[in-house]
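# Secondary and tertiary structure notes
Here is how the chains run, residue by residue.
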Amino acid sequence: MTRRKFLTLGALTLPVIAADTLAMAPTRLRVSKLNVNEPGTCRFVHFSDLHYAGDAHYAAEVVETINALDPQFACFTGDLVEDRKFATEALSFIEQIRKPVYGIPGNHDYWSQAPFDEYERAFAKTGGAWMPDRRVALYEHDIELVGMGVTGMPAVVAEDITRHVLLLHYPVMADHLGTRQFDLILAGHSHGGQVRLPFVGALSLPLGVGVYDYGRYDTPGGLLYVNAGIGTLSQFPVRFNCPPEITVVTI
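Just so you know, these numbers come straight off a predicted model, no measurement behind them.

## Let's talk about the confidence of the model for the protein chain
Across the protein chain, pLDDT averages 91, with 90% of residues at or above 70. Note on residues 5–24: pLDDT is under 50 here. Beyond four places in sequence and across chains, it has 14 contacts.

What follows is the structure in C-alpha cells.
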C-alpha cells in the first residue's frame, strides 16, 4: 500500500471509528463469543480485570449482563481491585452473580494485599471457588478448571475428565507451561491495550502480555483467549476502539 493510499484510507476510516467511540464510553459493555468446538456441550462466561473503584452502577450492569446471559458458570481471571478498600464492595457484586463463579487473582489483587479470605468466602457463596494454585473438577460439565496463582498451578490432573481449562492472568504464561496442554487457556491483564488504532493495534501494553494482547491465539500450551477486561486502570480511565468485554465461551 502506498503512503497516499494509506493516508486516504485512514482519513475515511478514523471519523467512523471516532464517531462510534464517542458513543462508546469506557463502560459500554460488549458481549463477544468464543466457540472452541462445534457442537459445544458447555456454555460459560469469561470476564476479567474489573478494577472496581466505587462505580456501583457499572458493576451492577456487569452483573445484570452476566445473569441475563444465563451461563452454566463464570470464570474471572484477576484484578478485582487496585485498592483493597474497595474489595468488600466489589465482592458483593460477585456474590450477586446467580451462577457459580471461579476466579484467580491478578497482579493488582496481590499488590493491594487484598483480603483473599474474603475472596474465598464470596466466590464460595456463588457455588464456585477462589482457586489460585487449585483445580476444580466440574464432572457435570466434563471440565477441569485449573487456576494459576503466584506459585504456579497444581501438577495433578483429573484424568477422568476430557477437557481441561486453565485460568491465568498474564497471557505470556501460555508460553511457559512446560509439557502441559490445555483445551483452552483464559487470560486477562492486557485490557486489550485500552486504546487501539487501525493498522497499529494497542499503543501500550503492560509487562506479562508478550504477543498475546487481545483475542484468540494458538500457543504452545493450547488455545488462548485474552479478554479485553471490564474496567480500566485508575490512572488511565480511557478506552478507544477497545470496549470492555464479557466473553461467552462454548466448548
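Now that the structure is up, let's keep going.
## What about the nonpolar core?
Formed by 31 residues in total, the largest nonpolar core has its most connected members in Phe 47, Leu 80, Val 81, Tyr 119 and Ile 246. Secondary structure elements with two or more residues in this core: strand S2 (43–47), helix H2 (56–69), strand S3 (74–76), helix H3 (87–95), helix H5 (116–125) and strand S14 (245–250). Not counting residues up to four positions away in its chain, the partners in contact with Phe 47 are Ile 66, Ala 74, Cys 75, Phe 76, Thr 77, Ile 94, Ile 97, Val 101, Asn 227, Ile 230 and Ile 246. Formed by 22 residues, the second largest nonpolar core is a distinct cluster that contains Val 36, Cys 42, Phe 73 and Ile 251.

## Some words on the pattern of salt bridges
Pairs may arise between side chains of opposite charge once their charged atoms sit close together. Enumeration according to the criterion identifies five salt bridges in this entry. Put simply, Asp 70 and Lys 99 hold a salt bridge, and the shortest N to O gap is 3.5 Å. Of this pair, Asp 70 sits in the loop between H2 and S3 while Lys 99 sits in the loop between H3 and strand S4 (101–103), and the two are 29 residues apart along the sequence. Residue Asp 70 is classed as partly exposed on the basis of its relative accessible area, which comes to 48%.

Cut-off values and rules
- Residues numbered from 1 in each chain as written.
- Predicted model: local features only at pLDDT ≥ 70, side-chain atom pairs only at ≥ 80, totals over all residues.
- Heavy atoms only, no water.
- pLDDT = per-residue confidence, 0-100.
- Contact = heavy atoms within 4.5 Å.
- Core = buried A, V, L, I, M, F, W, Y, C linked by side-chain atoms within 4.5 Å.
- Buried < 20%, exposed > 50% of the residue type's maximum accessible area, 1.4 Å probe, protein only.
- Helix = DSSP H or I, 4+ residues; strand = E, 2+ residues; numbered from the N terminus.
- Salt bridge = Lys/Arg side-chain N within 4 Å of Asp/Glu carboxyl O.

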